[in-house]
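Breakdown of the fold
These are the residues of each chain, in order.
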Amino acid sequence: MTEPTGRRERKKAQTRQSLADAALELFLERGYDQVGVKDVADAADVSVTTLFKHFSGKEALVFDQDDDLEAALVAAVRERAPGRSIPQALREHLLLTQTRLAVHATDPRFADFTRLVQETPALRDYAHRMWTRHEAALTRAIAEAVGAPEDDVSCAALARFALEARTLVLHHAEPRRAAEEAFALLEHGWAASHPGS
């Protein structure tokens with residue numbers, strides 16, 4: 001997350017982080033379904049109204065870096081190095097994300113967090129919807145990069161397949177090899193339909 005510069009922005013970021021931390025602590029301690037938004041607001045010492053100024057709902061408290069994830073995906077396309085194809089840039093972004101996850105995996109709560117998401121249907125569904133939203137933003141960024149219409153099917157397909165590749169990579173015994181193989185397929189198809197991009 002980028003560091004907010006002004007006092008007001010820092011305070012907002014601090015409140016948001018306090019809410020996310022309190023929510024995670026309570027969800028891990030009691031279970032997701034046993035905790036209400038009022039419990040989280042009370043634990044963070046803010047009102048429920050303040051909670052909803054920062055988060056759209058209970059599920060969003062778990063995925064507090066959703067906006068940052070989307071911004072990073074879009075930046076991977078828009079800010080890629082000259083000569084780097086879009087599939088190559090997305091592969092590198094995915095591998096960088098995988099490396100960061102490996103660092104988080106050393107935190108004892110990471111396994112608990114992962115289990116919480118996997119065992120809670122509302123959180124699994126939210127995570128899927130979250131990736132769908134990212135798909136739309138990524139599609140727009142890809143279309144913009146190649147000068148295609150926003151509803152271009154090949155741009156949408158690349159965005160979808162790149163995001164789906166993440167699941168394959170995360171669950172593979174050799175993530176780097178899995179990413180290389182999955183994105184080699186994407187690269188070949190993309191290069192055929194959009195040479196040089």
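A few words now on the packing of aromatic side chains. Here a ring pair, both rings aromatic, is described through the centre-centre distance and the interplanar angle of the planes. Counted under the stated rule, the structure contains 2 aromatic pairs. With a centroid separation of 5.4 Å and an interplanar angle of 20 degrees, the aromatic rings of Phe63 and Tyr126 are classed as stacked. Here the residue Phe63 occupies a position in the loop between α4 (58–62) and α5 (66–78), and Tyr126 occupies one in helix α8 (residues 121–146), the gap between them amounting to 63 residues. Sitting above the plane of the Tyr126 ring, Arg133 keeps its charged end 5.4 Å from the centroid.

Regarding helix α2 (residues 37–44), the residues found buried are Val40, Ala41 and Ala44. The buried residues of α2 occupy one face: seen down the axis, they fall within an arc of 100 degrees. Those residues of α2 that are buried lie in contact with α1 (7–30), α3 (48–54) and α4. Positioned one or two residues after α2, Asp45 has a phi angle of 60 degrees, which is positive.

Turning our eyes to something else, we now look at the side chain of Glu135. In this structure, Glu135 sits in helix α8. Among the polar contacts listed, one links the side chain of Glu135 to the side chain of Arg160, at a separation of 3.2 Å. Residues in contact with Glu135, not counting those within four places in the same chain, are Ala156, Ala159, Arg160 and Leu163.

In this section: the pattern of salt bridges. Scanning all chains against the criterion turns up 10 salt bridges. We note a salt bridge from Asp42 to Lys38, for which the minimum N-O separation is 3.1 Å. You can see Asp42 and its partner Lys38 sitting in helix α2, 4 residues apart, about one turn around the helix. Relative accessible area serves as the criterion here: at 47%, Asp42 is assigned to the partly exposed category. Connected via shared salt-bridge partners are Arg91, Glu92, Arg176 and Glu180.

Each value, and the rule that gives it
Residue indices follow the written sequence of each chain, beginning from 1 at its first position. At least 70 in pLDDT is required for a residue's local features to be given in this predicted model, at least 80 for side-chain atom pairs to be given and counted, and no such filter applies to totals for whole chains, interfaces and linings, which use all residues. The side-chain numbers reported here are obtained from all heavy atoms of the structure, hydrogens and water having been left aside. Here a Phe, Tyr or Trp ring, Trp counted by its six-membered ring, pairs with any other such ring whose centre lies within 6.5 Å, and the pair is stacked when the planes are under 30 degrees apart, edge-to-face when over 60, and tilted otherwise. Here a helix means four or more residues in a row that DSSP labels H or I, a strand means two or more in a row labelled E, and each is numbered from the N terminus. Consider the ring centre and the ring normal. A charge sits over the ring if Lys NZ or Arg CZ is within 6 Å of that centre and within 35 degrees of that normal. To sort residues, take the accessible area from a 1.4 Å probe on protein chains only and compare it with the maximum for the residue type: under 20% means buried, over 50% means exposed, and anything in between is partly exposed. Summarising the geometry, the arc corresponds to the directions from the helix axis toward the C-beta atoms. Residue contacts are counted whenever heavy atoms from the two residues lie within 4.5 Å of one another. Polar contact criterion, stated in full: a pair of N or O atoms within 3.5 Å, where within protein one must be able to donate a hydrogen and the other to accept it, and residues adjacent in sequence count only if both atoms are side-chain atoms. A carboxyl oxygen of Asp or Glu within 4 Å of a side-chain nitrogen of Lys or Arg is what we treat as a salt bridge.

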